[in-house]
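Close look at the chain arrangement
Here is what each chain is made of, one letter per residue.
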Amino acid sequence: QVDRYLYHMRLSDDVLLDVMARFQAEMVKGLGRDTNPTATVKMLPSFVRSLPDGSEKGDFLAVDLGGSQFRAHQVKVFDDGKQSSQLESKFYPTPKEVIQGNGAELFDYVADCLLDFMETKNLKHKKLPLGFTFSFPCKQTKLEEGVLLAWTKHFKVRGVQDTDVVSTLRKALQKHKASFDIDIDVLALVNDTVGTMMTCGYDDQRCEVGLIIGTGTNACYMEEMRHIDLVEGDEGRMCINTEWGAFGDDGALDDLRTEFDRELDLGSLNPGKQLFEKMISSLYLGELVRLILLKMTKEGLLFNGKVSTALLTKGKIEMKHVSAMEKYKEGLSNTKEILTELNLFPSEEDCIAVQHVCTIVSFRSANLCAATLAAILTRLRENKKLLRMRTTVGIDGGLYKTHPQYAKRLHKVVRRLVPTCDVRFLLSVSGSGKGAAMVTAVAYRLAAQRKQIDAALAPFLLSLETLREVKNKMRTELEYGLKRETQASATVKMLPTYVCGTPDGTEKGKFLALDLGGTNFRVLLVKIRSGRRRSVQMYNKIFAIPLEIMQGTGEELFDHIVQCIADFLEYMGIKGARLPLGFTFSFPCRQASIDKGTLVGWTKGFKATDCEGEDVVDMLREAIRRRNEFDLDIVAVVNDTVGTMMTCGYEDPNCEIGLIAGTGSNVCYMEDMKNIEIVEGNEGKMCINTEWGGFGDNGCIDNIRTQYDKEVDEGSLNPGKQRYEKMTSGMYLGEIVRQILIDLTKQGLLFRGQISESLRKRGIFETKFLSQIESDRLALLQVRRILQQLGLDSTCEDSIIVKEVCGAVSKRAAQLCGAGLAAIVEKKRENRGVEYLQITVGVDGTLYKLHPHFSRVLRETVKELAPQCDVTFMLSEDGSGKGAALITAVAKRLHNVGQK
């Protein structure tokens, strides 16, 4: 009979899955910038970005307004590794005249209660941070403010809506400050739902959902920042207070609402609002039961059709009555007692029927709650791109806690609706109060951490002034390297390359090119055509250079190279031809002519013995002779920077500078012969290989080197050398990042203060990881994945910090590189004696090509520091291979002209 009567209140799983889908759509609406204004589920950003990590500590105050009582708390949080905290509270009544009076009275009352609490706890004279739990929908733009959108539940205070409740509370506290000697800092405004999540999050780090089922109902959860249009920034997560009580205020649930729901709504303080809450929360369930019993009695289905005055009176049946009637064993006798008190004279059947009504009403509440919670859990799982997810939901609220069956029913339905989520339900103890203190404690910790991180990264922020200084010092060092008397002691070596021209388009023929400069070695065959069908065709093969050969003897290294050449010539079927060869050798060489190059010193991890001070062309010829299989005409030894300039020069005659920004860092440019004192002759130009990586080896830029740069230098193969390169090139940036991460971890700011084995390993942080981590398209989830591959187990907050560190290091590298380049283009402008210079720079190197921001920052810096130069950057297509062949071709052409 009752079942037939309340047929609409029984919800099947299909209906619940449908409610779940509707709520998911509502959440998306609430998060979207354009759809939020009309959304009923407001999805309010709480500005709580981070859960407790266990390192919080200190004394905090909390006040909690919004439930059936007003509460004041003192929370002590201990950083003793056991995550313990102590809570002392005092409860104060919330008289009707206060919660339905005016705003000034309400906040004065709150301040008075807090003062009373501080007196009893002897807390005056201390400066204490306070968290304010305020369980009503507020629009926040930061953690310590909140504009009330609407009163809900049994509150209706005049003059508070659309104002900031934090500043009102501050004013009320300010009045007492002088007379009572108190100093309270309101640091955070927190919704009770968020407070619940934070309290449970302190005990269980998996907790990322907070749920209240009591006087009101609501939920919050940690959402990805990239989905929250209403708040700037895409990094990390933020807790969203859904305010789901208003779900259905636009009619979305009208098909599920019964005549009783409509009648209850009409008689409430806020008709048409919070319609979902009115089907769920304890403030309304008793009233629903009363309305149903009244109608059934009027229709003669109960109590012989006799209605009592009590049954006609609003609010006579409360939640505590419903809970008592549903108790497992004594439920029936409770029912009889309660009904008798209402002057109804129930039969045994009446009691069973009334008990059944209670069950249907409270079960519907649990069902609806489970459906919307399932929607949130599904969203979390999809955000994390997981097939299965383990998570914890923190719960508080009188209905959930005191009703005999509610919790069991809720858990069961949730598990049925989302079988892919393993959910732990954690009951919050003193949630909303302690939670506000936790939010305050986390805010406190984050502010302190922010300071420490800023301090660590401050030395990487270079002012325009500092960059100008670097540019001017670089200019001075360039001049030293060109002058005969200072060249020997100069740190920027300014090596003449004997490359005296750029391509003019008449080059033609077949050339071989060798490219040695990193962990790989390439051999190429390059066919150049001139005239109308001008083109360059290339065939190449890549060979690895094992570490034991890189760091073995010189003879072994060159024998390995010749072995690779022999393989290639055979592979191409050209072993008999004596081809002209260009040898790209990307290490500092002193050249006496275009085909003589004496190695000044190894860089980039090479350490082969008996090479420094020797002519690399002779060593190559010797090795070819030893093998005695083929002969080659070695025309030119070339630096990769020069090759880069030449390939771009083949396309754009205005290209007179070559830049490498990759594993290493270097620049070459065409200098007027008259300025090169160490080479005879004053006519024309010659390309100078600056070897600027050594800039600063005399200490001239020590003022911008950080402790981390010094650590990287000391741990490198060539301490004290190539200091500028170690601040600007790909080979070292990851290592700088690693040193900073170790330091931040030691300070307890990262990875829970644990330095993992992998973080101790030199070189784990390859530059490609920097490029990936800083990519704008990457969500933090992927940053976490990269860090996991490196064996670093990171939280969301850790990932944000790591990304910030990478950004600071690579930005500085690009700026320093730009400052050096600005010195070169300015020099070119003065050489030409023009007001305004147009010039092209040929660029190669993985850092420039692959890093998401390096090239942009470099270009901006050059523009800023050399405003009279219009610099075009041109990506070089294979400078070290094609470039070497072009140099060989140009050298052949110039040689032939000379012979004629």
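Residues numbered from 1 in each chain as written. Predicted model: local features only at pLDDT ≥ 70, side-chain atom pairs only at ≥ 80, totals over all residues. Heavy atoms only, no water.

What to know about the nonpolar core
We count it as follows: We define the nonpolar core as a collection of buried residues of types Ala, Val, Leu, Ile, Met, Phe, Trp, Tyr and Cys that are connected through side-chain atoms lying within 4.5 Å of one another. Residue exposure (1.4 Å probe, protein chains only): buried if accessible area is under 20% of the type maximum, exposed if over 50%, otherwise partly exposed. Think of it this way: any DSSP run of H or I at least four residues long counts as a helix, any run of E at least two long counts as a strand, and we number them from the N terminus. Throughout, a contact is declared for two residues whenever any of their heavy atoms are within 4.5 Å.
Formed by 113 residues in total, the largest nonpolar core has its most connected members in Leu-211, Leu-377 and Leu-410. In terms of residue count, the dominant contributor to this core is helix α13 (residues 348–383) (18 residues). Look past the residues within four positions of Leu-410 in its chain and what remains in contact with it is Leu-211, Ile-213, Ala-366, Cys-369, Ala-370, Ile-395, Tyr-400 and Phe-425.

Quick notes on the pattern of salt bridges
Our working rule: We define a salt bridge as a side-chain nitrogen of Lys or Arg found within 4 Å of a carboxyl oxygen belonging to Asp or Glu.
Within this structure, the stated rule accounts for 63 salt bridges. Here Lys-76 makes a salt bridge to Asp-59, at a shortest N to O gap of 3.3 Å. Residue Lys-76 is located in strand β3 (residues 70–78), and its partner Asp-59 is located in strand β2 (residues 58–65); the two are separated by 17 residues in the primary sequence. Overall, the relative accessible area of 22% leaves Asp-59 in the partly exposed class. Among the salt bridges present, the one from Arg-625 reaches Glu-622, with a minimum N-O distance of 3.3 Å. Placement of both Arg-625 and Glu-622 in helix α21 (residues 616–627) is noted, with a separation of three residues, approximately one turn of the helix. Sharing partners across several salt bridges, the network here consists of Arg-475, Glu-479, Lys-483, Glu-671, Lys-827 and Glu-830.

Some words on a negative patch on the surface
Heads up, the condition is: Two distance rules govern patches: like charges are joined within 9 Å, and nonpolar side chains (Val, Leu, Ile, Met, Phe, Trp, Tyr) within 5 Å, applied only to residues with over 30% relative accessible area and no salt bridge. For accessible areas, the Shrake-Rupley method is used with a probe of radius 1.4 Å. Any residue's cover is judged against the shown protein chains and nothing else. Charge assignment: positive for Lys and Arg, negative for Asp and Glu; neither His nor the chain ends contribute. We put the charge of a Lys on NZ, of an Arg on CZ, of an Asp on CG and of a Glu on CD.
A surface patch of like charges, here negative, comprises Glu-548, Glu-555, Glu-556, Asp-610 and Glu-614. With respect to the secondary-structure elements, Glu-556 resides in helix α20 (residues 554–572).

Here we look at the packing of α13 against helix α15 (residues 406–417)
The criterion, for reference: All axes here are fitted lines through C-alpha atoms, helices being fitted over the stretch that makes contact, and every angle between N-to-C directions spans 0 to 180 degrees. Any angle that is under 35 degrees is reported as roughly parallel, and any over 145 degrees as roughly antiparallel; angles of 65 to 115 degrees are reported as roughly perpendicular and all others as oblique. Two helices cross in a left-handed way if the nearer one is turned anticlockwise from the farther one by less than a right angle. They cross in a right-handed way if the turn is clockwise. Three categories are distinguished: nonpolar for Ala, Val, Leu, Ile, Met, Phe, Trp, Tyr, Cys and Pro, charged for Asp, Glu, Lys and Arg, and polar for the others, with Gly belonging to the last.
Remark: α13 packs on α15, axes separated minimally by 8 Å, with the N-to-C direction vectors making an angle of 40 degrees. Classified by the angle between their axes, α13 and α15 sit oblique to one another. Relative to α15, α13 is oriented so that their crossing is right-handed. Contacts between α13 and α15 pair Thr-359, Ser-362, Phe-363, Ser-365, Ala-366, Asn-367, Cys-369, Ala-370, Ala-371, Leu-373, Ala-374 and Leu-377 from the former with Tyr-406, Arg-409, Leu-410, Val-413, Val-414 and Leu-417 from the latter. Grouping the amino acids of the contact of α13 with α15 by side-chain chemistry returns 13 nonpolar, four polar and one charged.

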